[in-house]
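# Observations on the three-dimensional arrangement
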Amino acid sequence: TVFSSAQELLDRDEILLDILILDVNMPNIDGFMLLEKVRDRGHDIPVVLNTGLGDLDTRARAERAGVAAVFDKPIDSPVLFSALIGLLPKEQALV
């Protein structure tokens, strides 16, 4: 599922996702705040974070937030795909 905004995701009564891919910088809310709101609703799904910053502070904050993987922009599609497959439950990861 693709959402056009963070608010569109938050407006859902139920969030049924296997993996959440977030950007650090988004309009109206940053990726860390959105992750916090999703976690506050009881969702413990793997999160992949995109960042144009790529600094150590962002990576440390991501680690503290429980982010599964952090990728600097531009993202290498095969590397991202491989990471996503690794984060899916084995029964879903069959390609």
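Refer to the structure printed above.
Now for a look at the structure at hand. Computed from a predicted structure; not experimentally measured. Every chain is numbered on its own, with residues counted from 1 as its sequence reads. Only residues with pLDDT of at least 70 are given local features in this predicted model, and only at 80 or more are side-chain atom pairs given and counted; all residues enter the totals for whole chains, interfaces and linings. Excluding hydrogens and water, the side-chain figures rest on all heavy atoms present in the structure.

## Structural notes on the sheet that holds strand E3 (residues 69–72)
Put simply, the test is: When DSSP finds at least two bridges between two strands, those strands are taken to pair. Each helix corresponds to a stretch of at least 4 residues labelled H or I by DSSP, and each strand to a stretch of at least 2 residues labelled E; elements are numbered beginning at the N terminus. With axes taken as lines fitted to C-alpha atoms, and helix axes fitted only over the stretch in contact, angles between N-to-C directions fall between 0 and 180 degrees.
Taking strand neighbours across the sheet as the criterion, the three strands line up as E1-E2-E3 in an open arrangement whose pairing is parallel. Only two strands of the sheet have a single neighbouring strand rather than two, namely strand E1 (20–23) and E3. Between one strand and the next, the sheet's axes are offset by a mean angle of 20°, whatever the strand orientation. Direction of pairing for strand E2 (residues 47–51) relative to E3: parallel, over a ladder of four bridges. Bridge assignment links Asn50 to a residue of E3, and that residue is Phe71.

## Describing the pattern of salt bridges
Close approach of charged atoms allows side chains of opposite charge to pair. Rule in force here: Put simply, a salt bridge is a Lys or Arg side-chain nitrogen that is within 4 Å of an Asp or Glu carboxyl oxygen. Relative accessibility thresholds used throughout: buried, under 20% of the residue-type maximum; exposed, over 50%; partly exposed, between the two (1.4 Å probe, protein chains only).
A full pass over the atoms with the stated rule returns three salt bridges. When the shortest N-O distance is used, the salt bridge between Asp23 and Lys73 registers 2.4 Å. Placement of Asp23 in strand E1 and of Lys73 in the loop between E3 and helix H4 (77–87) is noted, with a sequence separation of 50 residues between them. Residue Asp44 is joined to Arg39 by a salt bridge in which the shortest nitrogen-to-oxygen separation is 3.8 Å. According to the relative accessible area criterion, Arg39 is partly exposed, its value standing at 23%.

## As for the pairing of E1
Put simply, the rule reads: With the strands pointing away from the viewer, any crossover whose connection runs clockwise from the first strand over the helix to the second is right-handed.
In terms of strand pairing, E1 meets E2 through four bridges, oriented parallel. The partner of Ile21 across the bridge, within E2, is Val48. Since E1 and E2 lie parallel, the crossover through helix H2 (residues 31–40) that links them has a hand, and here it is right-handed.

## As for the environment of Pro89
Inspection of the secondary structure puts Pro89 in the segment after H4. By relative accessible area, Pro89 is classed as partly exposed at 35%. Counting along the chain gives 71 residues from Pro89 to Asp18, while the straight-line C-alpha distance between them is 8.5 Å.

## A closer look at the side chain of Thr58
Going by this rule: It only takes one pair of heavy atoms within 4.5 Å for two residues to be counted as in contact.
Along the chain, the position of Thr58 falls in helix H3 (residues 56–64). Taking relative accessible area as the criterion, Thr58 reaches 7% and is therefore assigned buried. Those residues in contact with Thr58, other than ones at most four positions away along the chain, are Val24, Phe32, Thr51 and Leu53.

## Structural notes on unusual backbone geometry
Here the amide bond leading from Lys73 into Pro74 is cis, since omega sits at -5°, within 30 degrees of zero. Locating Pro74 in the fold gives a position in the loop between E3 and H4.

## Digging into the nonpolar core
So the rule is basically this: Within this scheme, the nonpolar core is defined by two criteria: the residues are buried Ala, Val, Leu, Ile, Met, Phe, Trp, Tyr or Cys, and they are joined through side-chain atoms within 4.5 Å.
Counting 19 residues, the largest nonpolar core has Leu9, Leu20, Leu22, Leu34, Leu49 and Val67 as its most contacted members. Put simply, the parts of the chain that give this core at least two residues each are helix H1 (6–10), E1, H2 and E2. In terms of residues, this core owes the most to one element, H2, which gives four residues. Once you skip the residues sitting within four places of it in the chain, Leu20 turns out to touch Leu9, Val38, Ile45, Pro46, Val47 and Val48. Among the nonpolar cores identified, the runner-up in size contains six residues, and Val48, Phe71, Leu80 and Leu84 belong to it.

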